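Commentary on secondary and tertiary structure
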Amino acid sequence: MNNLFLSILHGLILGGAYGLIAVGLSVIFGVVRIINFAHGAMLMASAYAYYELFTRYDVDPFLAMIVIAPLFFVIGFLLQKVVIRPLLIRERASVLEPTSVMLFTIGLDYAIANLYLMIYTSRYKTLNTWAYSNYARLFDGKFVTQYSRIISFVLAFVVAGILWFIINRTELGKRIRAVSQNRDAAALCGVNVHTTYGIAFGLGTAALAIAGACMASFYLVSPSVGNVFGTKSFMIVVLGGLGSIPGAIIGGLIFGLIEQVGAQFITSTMASMLSFILFLIVLVIKPDGLLGKKK
Amino acid sequence: MSYKGNSIFKGKFFVWLAALCFLVAPLLANTYMQSILILVCFYAFAAVAWNLICGYAGTMSLGHSVYMGIGGYISTILLETKGVSPWIGMLIGAAVAMLIGVVISYPTFRLKGPYFTLASIAICEIFGTFVLNTENLGPIPLKGGSGWSLTQTGYQAVMYEFRSKLGYYYVAFILLAIGVFVTWKMSRSKLGYYLVAIRSDDDAARSLGINVTKYKLIAMGISCFMISLAGTFYAQYFRYIGPDRIFGYDLAVQIALIALIGGQGTVMGPVIGAVVLVPLSEYLSATFAGTMSGLNLFLYGVIMMLVVYFMPHGLCEYVVKAAQWIEEKLFGAHGKRKQSKAASK
C-alpha cells in the first residue's frame, strides 16, 4: 500500500465533504438562477450554531443537525421569500441592473462574516466531539482518518441522494423543475413561483447546515472558514456544472483528489492553487461545467 | 424644476468644487485626519479604476486588487534589488499589470455575469497563493508570506518617500484627479458609450457592430494600469507589501463595494463612496480597536445591502440631490430670478 493510494483515499474522503458543502449552492443556482455569495458565510454561521450547542449543552453536531437543518431551511425560505423576492421582481421590470441579487448576497456575505468576527473574534475553535478525536484505522492501520470525515463522506452521498430524489421523483420536485425550466409557463400552470423558489432556497441552506455539522466536527470553527470553503464551493459547483447535483459531488471529489494527491508532489497550498487553475481552464473551455446542460 | 440646470452641484462645477475641497482639506487637518484623507484618496482612486471597467461595462470583478498587487510588487522589487526609483518602477509595474490584465481578460471576458466574477476571484486566489508560497521566482526574490518591508531612503521625494503626510496626500490626490479625469473623458467618448451599451445588452451591442471584446479589453487595460499605480502607492505609503492583504479577497471586495455603494458607472460615484465609507470605517476601527474588530467591514456589508435595496443607482445620485436641495433652500430665490430672466429673453 503506497502513499499515492493512501492520498487518493484521503482525497476522496475530503472531496466528499467539499461536495456536500457545494451541493446546496448548486440546488439554489439550478432553480433560482442566482449565485448565493453568502453561501460560505452561512456555512460559518451554522458551524457556530453547532459550536454553541456543543460547548453549552454538550450536543454532538451530528445530533444537533436534526434541529439546525430545519432551522436553516426556514432561514433560507424566508431569505428568499422576504428579502430576495422584491429584488427579483424589480429586476424583471428593468434591464438596467441585472446583478442586484448578486450584489445583495455579496453584501450579506461580508456582513455575516464580519458580524461573527465581531462576536467571536478571529480565534480558532475546535469541537472535541467523539467523531473529531477518534480515528478510524483501515487497511491494517495504514489508512488513519477521523470518524467525522468518514461520516461526512457518507452524508454527502445521502444528502445528494435525498435532494436528487426530492427534485426528480416527487410532486414538489416536479414544481421545482417546472419553475427552473420556465418560470412564466410554470406560473401559468398554477405553480406559485416564489414559494417554490423559497423551498428550493430552503433545501439548499438545509443541506448547507448539514455540511456545517460535518465541517465543524472535522475542521476548525472560525469566522474565516466561510471564506475558505465558500470560494471553493463556487469553483466546485461551476466545475461540476451549475445546478447539477451529481456534478457538485463529482466536482468536490475532483477538488479533494487534486489537493491530496497534489500534496504528494508539491506543497498543499500550491496544490489548491492547481485546483483553481483547473477550474479556470474548465470554465473557459466548457463554461457549462463537466455535467452541466447546455442552456 | 429647471433651476437645477444652474446648480453648482452639477457637471463640471461639482467636480471643481470637490477638487477644491480635496486640495484645501489636508492643510486644515491634523496628522490623524490627514492619514484618513490619504486613505480616502487611495481607496477612491482604486474604486475609480475598478469602476472604469467593472462599473461601466458591468463586468463584476471581485479580484481586481490582483493588479494592484502586481504593480506594487514590481515597483517594490525593482526598488529593493536594483535601486530603481518607484516613480519609474510604478510605470513599469503598471505596464506589466496592464499586459497581464489584458492577457488574462481575453479568455475570461467570454464569460458572462457571475461566471466572470467567480473567475476573477479564482485569479486573485491563484496569484495570492503563488506569491505566498514562492520565495524566489527564478532570479527574482518574492519573499513569500513574509512580504517586503521597504528600507528607508531618507525621505527623498525622488524615491517616493516624503517626510510629512502632506506629500503622500498630494500624490494620492493627483492620482485620483487623473483617474477621475480619465473616467470623465472616457464616459464622453465613443469607448464610454460602447461600454454602457455592452453593459445593457452585450448581444445587442455586438449585433450593432461593436467589437465587444476589443473595447472591454481597452477599458480593462486602462483600469489595470491605474489600479497598479495605486499598488505602488500602497507599498510606498505603508512601507510594507505582503500577499495577505493586497492579494486577499477582503481588499478586492472592499474596492468593489466602495464603487458599488457610491454608484457604479458614474464619474463621481466611487469618490463619493470613498468619502462616505472610508472615514466612517476608519473612525469605527479606531474607536473600537481590539474589541470589535469586524465592525467597520460589517457596516460595509450592511450599507451595501441597503444600497441595493433602496438606492440601486448608488449614493451618488442622492448626495447630489441633497446638496442641490440645500443649495436651493439657501440661494433658491436668487437662482429662480436668474432663471426667469433667462426665460423672458
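Quick caveat, the model's predicted, so the values are computed rather than measured.

Let us look at the overall build of chain A. Helix and strand counts for chain A stand at 12 helices and two strands. For chain A, the succession of helices and strands along the chain, N to C, is α-α-α-α-α-β-β-α-α-α-α-α-α-α. Expected size for 295 residues packed as a compact globule is a radius of gyration near 19 Å; at 19 Å, chain A falls within 12% of this value. Seen through its principal axes, chain A has C-alpha atoms that stretch 60 × 45 × 35 Å. Here chain A holds 295 residues, and the buried ones make up 57% of them. Taking as baseline every contact in chain A between residues at least 6 positions apart, the subset at least 24 positions apart corresponds to 78%.

The next thing to look at is the overall build of chain B. Helices and strands together make up the secondary structure of chain B, namely 14 helices and four strands. For 345 residues, the compact-globule formula gives about 20 Å, and the C-alpha radius of gyration of chain B, at 21 Å, lands near that figure. The buried share among the 345 residues of chain B stands at 46%. Put simply, of all contacts in chain B between residues at least 6 apart along the chain, 75% involve residues at least 24 apart.

Quick look at the interface of chain B and chain A now. Contacts between the two partners involve 35 residues from chain B, matched on the other side by 35 residues from chain A. The greatest single-element share of the side of chain B that touches chain A, amounting to 13 residues, is contributed by helix H5 (residues 113-133) of chain B. Looking at the side of chain B that touches chain A, its residues break down into 25 nonpolar, eight polar and two charged.

With that settled, consider the nonpolar core. Of all hydrophobic cores here, the largest spans 216 residues; its most connected members are Met215 of chain A together with Ala172 of chain B. With 18 residues, helix H2 (residues 31-57) of chain B is the single largest residue contributor to this core. Ignoring sequence-local partners within four residues, the contact set of alanine 172 of chain B consists of Ile38, Cys41, Phe42, Phe45 and Phe233 of chain B.

Turning our attention to the pairing of strand E1 (residues 135-138) of chain A. By the bridge criterion, four bridges tie E1 of chain A to strand E2 (residues 143-146) of chain A in an arrangement that is antiparallel. Opposite tyrosine 135 of chain A, over in E2 of chain A, you have glutamine 146 of chain A as the bridge partner.

Moving on, we get to unusual backbone geometry. Unusually for a residue other than glycine, threonine 121 of chain A sits at a positive phi of about 55°. One can find threonine 121 of chain A in the loop between helix H4 (100-120) and helix H5 (130-133). Despite not being glycine, arginine 239 of chain B shows a phi value in the positive range, around 55°. Position of arginine 239 of chain B among the secondary structure elements: in the loop between helix H9 (212-238) and strand E4 (240-241). When the 13 C-beta atoms within 10 Å are taken as the criterion, arginine 239 of chain B is described as partly exposed.

Residue and element names in this part refer to chain B. Packing of helix H7 (residues 190-200) against H9 brings their axes to within 10 Å, and their N-to-C directions diverge by 115°. Pair H7 / H9 crosses with left-handed handedness. Across from Leu191, Tyr194, Leu195 and Ile198 in H7, the residues of H9 making contact are Val212, Tyr215, Lys216, Ile218 and Ala219. The residue inventory of the contact of H7 with H9, partitioned by class, reads eight nonpolar, no polar and one charged.

A word on the UniProt feature "transmembrane region" (unreviewed entry) in chain B. Residue and element names in this part refer to chain B. UniProt records the feature "transmembrane region" (unreviewed entry) for residues 13-29, 36-58, 87-106, 167-184, 217-235, 255-280 and 292-311 in the present numbering. Span residues 87-106 is 100% helix and 0% strand, its end C-alpha atoms 29 Å apart. Counted over residues 255-280, helix gives 77% and strand 0%. Its end C-alpha atoms are 15 Å apart.

It is worth spelling out the packing of helix H1 (residues 3-32) of chain A against helix H11 (residues 245-262) of chain A at this point. For any two helices packed against each other, the geometry is given by the interaxial angle and the distance between the axes. All names here are of chain A. Axis separation between H1 and H11 bottoms out at 6 Å; the angle between their running directions is 145°. In this structure, H1 crosses over H11, and the sense of that crossing is right-handed. Classifying every residue of the contact of H1 with H11 gives 15 nonpolar, 12 polar and one charged.

Looking now at the environment of tyrosine 234 of chain B. All names here are of chain B. Relative to the assigned elements, tyrosine 234 resides in helix H9. According to the C-beta neighbour criterion, tyrosine 234 is buried, with 22 such atoms within 10 Å. Along the chain, tyrosine 234 and glycine 72 lie 162 residues apart, while their C-alpha atoms are 7.1 Å from each other. The residues touching tyrosine 234, leaving out its near neighbours within four places in the chain, are Phe42, Met68, Gly72, Ile241 and Ile246.

On to the UniProt feature "transmembrane region" (unreviewed entry) in chain A. Residue and element names in this part refer to chain A. When the UniProt feature table is mapped to this numbering, "transmembrane region" (unreviewed entry) covers residues 62-80, 100-119, 147-167, 197-221, 233-258 and 264-285. In residues 62-80, the share of helix is 100% and the share of strand is 0%. The end C-alpha atoms are 26 Å apart. Across residues 147-167, the secondary structure splits into 100% helix and 0% strand, with the terminal C-alpha atoms separated by 30 Å.

All right, on to H11 of chain A then. Helix length check: H11 of chain A (18 residues) gives 26 Å between terminal C-alpha atoms against 26 Å at 1.5 Å per residue, within 8%. Across the 18 residues of H11 of chain A, 15 count as buried, placing the element largely inside the fold.

Moving on to H4 of chain A. Residues and elements named next belong to chain A. Between its terminal C-alpha atoms H4 stretches 30 Å, which fits the 30 Å expected from 21 residues at 1.5 Å a residue. Counting buried positions along H4 yields 18 of 21 residues, so the element is predominantly enclosed. Looking at the residues trailing H4, positive phi occurs at threonine 121, about 55°.

A few words on the environment of tyrosine 132 of chain A. Residue and element names in this part refer to chain A. Positionally, tyrosine 132 belongs in helix H5. We classify tyrosine 132 as buried; it has 20 C-beta atoms within 10 Å. For the pair tyrosine 132 and alanine 45, spaced 87 residues apart in sequence, the C-alpha to C-alpha distance is 19 Å. Apart from the residues within four sequence positions on either side, tyrosine 132 is in contact with Thr126, Leu127, Gln146, Ser148, Ser217 and Phe218.

The subject of this paragraph is the confidence of the model for chain B. Residues and elements named next belong to chain B. Of all residues in chain B, 92% attain a pLDDT of 70 or more, and the chain-wide mean is 84. Across residues 1-5, where pLDDT falls below 50, the model places seven contacts with residues more than four positions away in sequence or in other chains. Note that pLDDT drops below 50 for residues 340-345; the model gives that stretch zero contacts with residues more than four away or on any other chain. Scoring of the predicted complex yields 0.87 for pTM and 0.85 for ipTM.

This part is about the environment of alanine 119 of chain B. Here alanine 119 of chain B is to be found in helix H5. Look at alanine 119 of chain B and you get buried, because 28 C-beta atoms sit within 10 Å. Counting along the chain gives 93 residues from alanine 119 of chain B to proline 26 of chain B, while the straight-line C-alpha distance between them is 39 Å. When residues no more than four places from it in sequence are discounted, the contact partners of alanine 119 of chain B are Leu280 and Leu283 of chain A together with Thr108 and Leu111 of chain B.

Basis of the calculations
The numbers attached to residues start from 1 for each chain and follow its sequence in the written order. Just so you know, chain letters begin at A and ligand numbers begin at 1, following the order they were written in. Predicted model: local features are reported for residues with pLDDT of at least 70 only, side-chain atom pairs are reported and counted for 80 or more only, and whole-chain, interface and lining totals are derived from all residues. The way it works is that DSSP assigns letters per residue, a run of H or I at least four long becomes a helix, a run of E at least two long becomes a strand, and they are numbered from the N terminus. For a compact globule the rule gives 2.2 Å times the number of residues to the power 0.38, and the radius of gyration it is set against comes from C-alpha atoms. To assign burial, the other C-beta atoms lying within 10 Å of each residue's own C-beta are counted, with C-beta atoms placed from the backbone; 20 or more indicates buried, 12 or fewer indicates exposed, and intermediate counts indicate partly exposed. This entry defines residue contacts through backbone-placed C-beta atoms, with two residues in contact when those atoms are within 7 Å. All amino acids are sorted into three groups, where Ala, Val, Leu, Ile, Met, Phe, Trp, Tyr, Cys and Pro are nonpolar, Asp, Glu, Lys and Arg are charged, and the leftover types, Gly among them, are polar. A set of buried residues qualifies as a nonpolar core if it consists of Ala, Val, Leu, Ile, Met, Phe, Trp, Tyr and Cys joined through C-beta atoms within 7 Å. Strands are labelled as partners when DSSP assigns at least two bridges between them. Orientation is described by axes fitted as lines to C-alpha atoms, over the contacting stretch for helices, and by angles from 0 to 180 degrees between their N-to-C directions. Crossings are sorted by hand: turned counterclockwise from the far helix by less than a right angle, the near helix makes the crossing left-handed, and turned clockwise it makes it right-handed. UniProt positions are given in the numbering used here, feature names are shortened, and annotations may be inferred rather than shown by experiment. Between the first and last residue of a helix there are one fewer steps than residues, each counted as 1.5 Å, and that sum is the expected span. On a range of 0 to 100, pLDDT expresses the predictor's confidence in each residue.

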